[in-house]
Amino acid sequence: MENVYSWWQQGVVYQIYPRSFMDSNGDGVGDLSGIRQRLDYLQWLGVDALWLSPIYPSPMADFGYDIANYVDIEPVFGSLQDFDALLHDVHQRHMKMILDFVPNHTSDEHAWFVASRASRESEKRDWYIWRDPAADGGPPNNWTSFFGGSAWEFDAASGQYYLHMFDVKQPDLNWRNPLVRQAMYDVMRFWLDRGVDGFRVDVIWMMIKDTQFRDNPERPDWKPGDPPYARQEGIYTENQPEVHDVIREMRSLVDSYGEKVFIGEIYLPLPQLMEYYGEMLDEVHLPFNFQFVQLANWHARDIRASVDAYETILPEGAWPNWVLGNHDRSRIATRIGRAQSRVAQMLLLTLRGTPTCYYGDELGMEDVAVPPELMHDPQGKDNPIHSRDPERSPMQWNADSGAGFCADGVTPWLPLSEDYRHFNVEREQQEERSYLTLVQNLLTLRRQIPALHVGSYASIDVASEECFVYVREHAGKRYVVALNCSNADQALSLPFKEGTIMLSASLERTGPIALEDFVLPANDGYLIEIAD
Ligand code: TEU
């Protein structure tokens, strides 16, 4: 019965931001050999698949999301040989490796763009999106970049503008051109042939743009200082109907390699998001579900509503997934507080559907304040409060001067957290009730208990407004997860008699519990095996 589920349904994905995970060669930037040195840890932690943010040659205008060559490794991260060695070791440990694939745009230093820009007659001209200036000489339309300002850059030499939905150094490819598609499918084959287990595809819902280049509506509530990416409604730059054809082509390519995973990064409301599973479930396996990342209020009622909404709208046969954080958004422990974020970890790792864990979140790492002169992220160029550097700080391995991320005396590319001497892997591994111990225990139980990785999900009504309670069930075994999403104790009365607490978010309590009447402590959650 169980083998009808594939590895990516039963498993847990762990996102590594390679620059910040482990520096093995003393340049202050993480690398592939560094990741390789830390595989014991990842195996101990109990994650199943590693998703690496981009590792390809890049001028690093957007830290690897600007790719200058899709079929090689950025020297700062290592070489193809280092990659093969890492992949080999990952597989030896029965883990999987998912690569980040960035098809919407290349670097302006990619040979394709260099050729495209060279002249209007270049055979690669149409590989990118070039337009004549508007009548007044200005940009062809009102489209704005996710990082701020116009999405169009004038190229004086050829007298036209090119489109860049992100940084000026990230020109958008023209996915309506069949040659672009073929070239990019070759890239996918290159990595699948090398043995990777799937892709996380960057901004997959943005790959096709309006043929008429109509203006996007401005969002009326947006004001200067708000995130630049929220300025317009991307009705002509995002979620265009033809993008689904491209995704189906990619998916069938991926499927021809066997049991691989195909994940799409998509920020859309649920009804549109669901369309990306594909009418015949032939598009992405998992469209990233960013509801928790985007929740305005971390309140039990809203959390339950998000989960129930996803479960209800999910197409038949499709598989859910959950995300608490990533390299683009403030860390969960910062957003909701370290104490409450333990409850969030219990939520993430006991829901139905594939969880993605962001590196360092398992320690309760928080955003690190980065002084303006040390900021790097292009998203922060107009307004430092939108910089994503704070959630990309180096992994905290131990209490040494480089936090075990880099050698003593080396300056890490982003500053270390001030609290790394308290919150780090080495120390938290030894502490019975640490954050890391909680996450490691959750991952162990998720793997051991079929109800947690493949069981059904049903939320239940409870009197307390501050608690979110649900039942996971498989083959006659039932577990209830009761989460107190507030910082006050809550009285609960559940429709069951007896149970056994397998794990509490505080790690303070295990053993028998009478479920008809009990108090769930502030910022705590129980995973309970139901006896009756
Ligand atoms: O992010 C796409 C995206 O939608 C982001 O703009 C996001 O909304 C914003 O950064 C939130 O702060 C992807 C990558 O994850 C991101 O790192 C890249 O910068 C971007 O694409 C361009 O490749």
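Reading guide: rules and limits
Residues numbered from 1 in each chain as written. Predicted model: local features only at pLDDT ≥ 70, side-chain atom pairs only at ≥ 80, totals over all residues. Heavy atoms only, no water. Phe/Tyr/Trp six-rings, centres within 6.5 Å; stacked < 30°, edge-to-face > 60°. Helix = DSSP H or I, 4+ residues; strand = E, 2+ residues; numbered from the N terminus. Buried < 20%, exposed > 50% of the residue type's maximum accessible area, 1.4 Å probe, protein only. Lys NZ or Arg CZ within 6 Å of the ring centre and 35° of its normal. Core = buried A, V, L, I, M, F, W, Y, C linked by side-chain atoms within 4.5 Å. UniProt positions renumbered as here; feature names shortened; annotations may be inferred. Pairing = 2+ DSSP bridges. Contact = heavy atoms within 4.5 Å. Axes fitted to C-alpha atoms, helices over the stretch in contact; angles between N-to-C directions. Near = heavy atom within 4 Å. Polar contact = N/O pair within 3.5 Å; in protein donor to acceptor, adjacent residues only side chain to side chain. Areas by Shrake-Rupley, 256 points an atom, 1.4 Å probe, with all protein chains shown as cover. Nonpolar A, V, L, I, M, F, W, Y, C, P; charged D, E, K, R; others polar.

Asks: Looking at this model, I keep getting lost on the packing of aromatic side chains. Mind explaining?
Replies: Two numbers describe a pair of aromatic rings. These are the distance of the centres and the angle of the planes. For the structure shown, the criterion picks out 39 aromatic pairs. An angle of 45° between the planes, with centres 5.0 Å apart, marks the rings of F63 and W413 as tilted. Taken as a pair, F63 in the loop between β2 (49-52) and α4 (80-92) and W413 in the loop between β11 (354-358) and α13 (425-430) lie far apart in primary sequence, 350 residues in all. Under the relative-accessibility criterion, F63 is labelled buried at 7%. With 5.9 Å between their ring centres and 20° between their planes, Y70 and W112 make a pair best called stacked. Here Y70 is found in the loop between β2 and α4, whereas its partner W112 is found in helix α5 (residues 111-118), with 42 residues between them in sequence. For W112, a relative accessible area of 15% corresponds to the buried category. Taking NZ or CZ as reference, R19 lies 4.3 Å from the ring centre of W413, over its face.

Asks: Whenever I open this one, the nonpolar core confuses me. Can you help?
Replies: Inside soluble globular proteins, nonpolar side chains tend to come together where they are buried. In this structure, Y14 and F199 are the most contacted members of the largest nonpolar core, which totals 154 residues. In this structure, C467, L494, F496 and L520 belong to the second largest nonpolar core, which totals 17 residues.

Asks: Help me out: how do you make sense of the UniProt feature "domain: Glycosyl hydrolase family 13 catalytic" (unreviewed entry) in the chain in this one?
Replies: Taking the numbering used here, the UniProt-annotated feature "domain: Glycosyl hydrolase family 13 catalytic" (unreviewed entry) corresponds to residues 15-392. Taken end to end, residues 15-392 is 28% helix and 11% strand, and its first and last C-alpha atoms sit 12 Å apart.

Asks: I tried to follow the sheet that holds strand β7 (residues 198-201) on my own but got confused; where do I start?
Replies: The strands making up a sheet are joined through hydrogen bonds of the backbone, oriented either antiparallel or parallel. Strand order across the open sheet formed by 8 strands is β9-β8-β7-β3-β2-β1-β11-β10, with parallel pairing between neighbours. Edge strands, defined here as strands with exactly one partner in the open sheet, are β9 (286-287) and β10 (321-323). In this structure, β7 lies alongside strand β8 (residues 261-264), joined through 4 bridges in parallel fashion. Residue G198 lies in a different strand from β8, and its bridge partner there is V261. Each of β3 (96-101), β7 and β8 touches helix α7 (residues 243-255); the most contacted strand, β8, lies at about 155° to it.

Asks: Would you explain the site of the ligand in this entry?
Replies: Close to the ligand lie 20 residues; D62, D202, H327, D328 and Q379 are nearest. Contact distances for the ligand include 2.9 Å between an oxygen atom and a side-chain N or O atom of H105. Separating an oxygen atom of the ligand from a side-chain N or O atom of D328 is a distance of 2.5 Å. Considering the ligand on its own, with 500 Å² of exposed area, one finds that the protein chains cover 99% of that surface. Of the residues in the shell around the ligand, the class split is 8 nonpolar, 4 polar and 8 charged.

Asks: Whenever I open this one, the sheet that holds strand β4 (residues 130-131) confuses me. Can you help?
Replies: Ordered in space as β4-β6-β5, the 3 strands form an open sheet in which the pairing is antiparallel. Edge positions in the sheet fall to β4 and β5 (152-155), since each has one partner strand and no second. Direction of pairing for β4 relative to strand β6 (residues 160-163): antiparallel, over a ladder of 2 bridges. Note on β6: the bridge partner recorded for W130 is Y162.

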